Amino acid sequence: MLLAGGERHLSAASGIVRIGDVLYVVADDEPAMAVFELERRPLTGELVQLDETELPAGHAERKAAKPDLESLCLLPDDALFTLGSGATERRERGWVLPLAGGAPEEISLGALYATLREDLADLNIEGAAVARERLWLAQRGNGRHGQNVLIELDLAEALAGIRRDRAIDPSAIRGLSRHELGDVDGVPLTFSDLCPLPDGRLLFAAVAEAGESTYLDGECMGAALGVLDAGGVRQLDQLAEPYKVEGVSVGSRLDLLLVADADDPAVAAPLLAASVAL
């Protein structure tokens, strides 16, 4: 995914929201959001900085310092909300960006994540979606002791905390549910994004990444798309190619757009189209 000027690209795409013909994408290697107009050719985006703090250029130093924004969702008050993964202390922040304009606001996730760690080893939040008066978070179970978990937050209480305190209080937690997603050649599939469907169900992306670390990258063996409802996983379809899909968005005609992370800053993140029977 190219950025304006043609000299830069978005490489580690990790969260995506589509609103009409505009695409919003966050990357996990910098505190910024890219905005793309889908009708524009060639497809190039503008980068909106969420935090002006400059990150180190070196790969190891940058990885240690980055906020690791892994999820993006649309809030009911027409603002975008992106969350850090929580895998390290530096990754316990998020930002709200009003679509009507205005400066991005940093949101503290430290108290919420500290409470979640009491039940979840290797915390790694990789998806977020608003549906059925809930803010849903997806815990990716790719750590040594990790589990795939859907976290249910009361939407009204979460929004009140964001607006009042620039934080989400742990009292917004309403439940956690664990899910098995199968594997690809022995490597477990783990949640990598969430997206709301018009009927209130949740579409999710999952990847099978070799390794047992939420911090270190491994080889991606495959990816899948699935559907969750109140009863659990109701559908799971493996993708033909092993893209490391980290973002999924549903259009008005139930057409899907996906973004992937190549785990290589020299490679531009691909924008993919897909269709599944929903």
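Residues numbered from 1 in each chain as written. Predicted model: local features only at pLDDT ≥ 70, side-chain atom pairs only at ≥ 80, totals over all residues. Heavy atoms only, no water.

Student: Which residues make up the nonpolar core, and what values go with them?
Tutor: One finds Phe 81, Leu 135, Leu 137 and Ile 168 to be the most contacted residues of the largest nonpolar core, which totals 28 residues. Listed by contribution, the elements that provide at least two residues to this core are β6 (69–75), β7 (79–84), α2 (110–117), β10 (125–131), β11 (134–139), β12 (149–154) and α3 (155–165). No other element matches the four residues that α3 contributes to this core. Discounting residues that sit within four places of it in the chain, Phe 81 has contacts with Ser 71, Leu 72, Cys 73, Leu 75, Trp 95, Val 96, Ile 107, Leu 109, Leu 135, Ile 162 and Ile 168. Within the second largest apolar cluster, 17 residues are counted, among which are Ala 138, Leu 202, Ala 224 and Leu 228. (Core = buried A, V, L, I, M, F, W, Y, C linked by side-chain atoms within 4.5 Å. Buried < 20%, exposed > 50% of the residue type's maximum accessible area, 1.4 Å probe, protein only. Helix = DSSP H or I, 4+ residues; strand = E, 2+ residues; numbered from the N terminus. Contact = heavy atoms within 4.5 Å.)

Student: Which residues make up the pairing of β12, and what are the values?
Tutor: Across a regular strand the side chains alternate sides, sitting on one face of the sheet and then on the other. For β12, the tally of buried residues reaches five of six residues, placing the bulk of the element in the interior. Across six bridges, the pairing between β11 and β12 is antiparallel. Across the sheet, residue Leu 135 finds its bridge partner in β12, namely Leu 153. (Pairing = 2+ DSSP bridges.)

Student: Please set out a nonpolar patch on the surface residue by residue, giving values where relevant.
Tutor: Residues Ile 19, Leu 74 and Leu 99 make up a contiguous nonpolar surface patch of roughly 190 Å² in combined accessible area. Looking at where Leu 74 falls in the secondary structure, it is placed in strand β6. Residue class for Leu 74 comes out partly exposed when judged on its relative accessible area of 33%. (Patch = residues over 30% accessible without salt bridge, like charges linked within 9 Å, V, L, I, M, F, W, Y side chains within 5 Å. Areas by Shrake-Rupley, 256 points an atom, 1.4 Å probe, with all protein chains shown as cover. Salt bridge = Lys/Arg side-chain N within 4 Å of Asp/Glu carboxyl O.)

Student: Residues and numbers for the pattern of salt bridges, please.
Tutor: According to the stated counting rule, one finds 18 salt bridges in the structure shown. For Arg 140, the salt bridge is made with Glu 126, and the minimal N-O distance between the two is 3.6 Å. One end of the pair, Arg 140, is in the loop between β11 and β12; the other, Glu 126, is in strand β10, with 14 residues separating them in the sequence. On the basis of relative accessibility, which here comes to 2%, the residue Glu 126 falls in the buried class. The salt bridge partner of Glu 152 is Arg 134, with a shortest N-O separation of 2.7 Å. Within this pair, whereas Glu 152 is found in strand β12, its partner Arg 134 is found in strand β11, the two being separated by 18 residues in sequence.

Student: Before we move on, could you go through the pairing of strand β20 (residues 245–250) and cite the residues and values that matter?
Tutor: Of all six residues making up β20, six are buried, and the element is well covered by its neighbours. Bridging between β20 and strand β21 (residues 256–260) involves five bridges; their strand directions are antiparallel. When the sheet's bridge partners are listed, Val 250 is paired in β21 with Leu 256. Hairpin geometry of β20 and β21 is characterised by an intervening segment of five residues between the two adjacent antiparallel strands and by a positive phi of about 60° at Leu 254.

Student: If you had to explain the sheet that holds strand β8 (residues 93–98) to someone new, which residues and values would you point to?
Tutor: What the four strands build is an open sheet, ordered β6-β7-β8-β9; its pairing is antiparallel. The sheet is open, and its two edges are formed by β6 and β9 (105–108), each paired on a single side. Recorded for the sheet is a direction-independent mean angle of 25° between the axes of neighbouring strands. Sheet analysis places β6 next to β7, joined by six bridges and oriented antiparallel. Bridging from a neighbouring strand, Ser 71 pairs with Leu 83 of β7. (Axes fitted to C-alpha atoms, helices over the stretch in contact; angles between N-to-C directions.)

Student: Before we move on, can you summarise the environment of Ala 269 with the specific residues and values?
Tutor: Locating Ala 269 in the fold gives a position in the loop between β21 and β22 (271–274). We classify Ala 269 as buried; its relative accessible area is 2%. Sequence spacing of Ala 269 and Gly 101 is 168 residues, and the spatial spacing of their C-alpha atoms is 27 Å.

Student: So what about unusual backbone geometry? Which residues, and what values?
Tutor: Backbone torsion omega between Arg 41 and Pro 42 reads -5°, so that peptide bond is classified as cis. Summarising the element assignment, Pro 42 is placed in the loop between β4 (32–37) and β5 (44–49). A positive phi is found at Asp 122, a non-glycine position, where the angle reads about 55°. Within the secondary structure layout, Asp 122 lies in the loop between α2 and β10. Since its relative accessible area comes to 28%, Asp 122 is described here as partly exposed. For Asp 185, which is not a glycine, the phi torsion comes out positive at approximately 50°. Mapped onto the elements, Asp 185 comes out in the loop between β14 (183–184) and β15 (187–188). The exposure class assigned to Asp 185 is exposed, which follows from its relative accessible area of 71%.

Student: Just give me the short version of the sheet that holds β10, but keep the residues and values in it.
Tutor: An order of β10-β11-β12-β13 is seen for the four strands of this open sheet, with the pairing classed as antiparallel. In the strand order of this sheet, the two ends are held by β10 and β13 (173–178), each with one partner. Between one strand axis and the next, the sheet turns by 20° as a mean value, whatever way the strands run. Sheet strands touched by α2: β10, β11, β12 and β13. Its angle to β13, the strand with the most contacts, is close to 45°. The strands that α3 touches are β10, β11, β12 and β13; relative to β12, the one it contacts most, it runs at about 70°.

Functional significance is not addressed by these values, which are geometric in nature.
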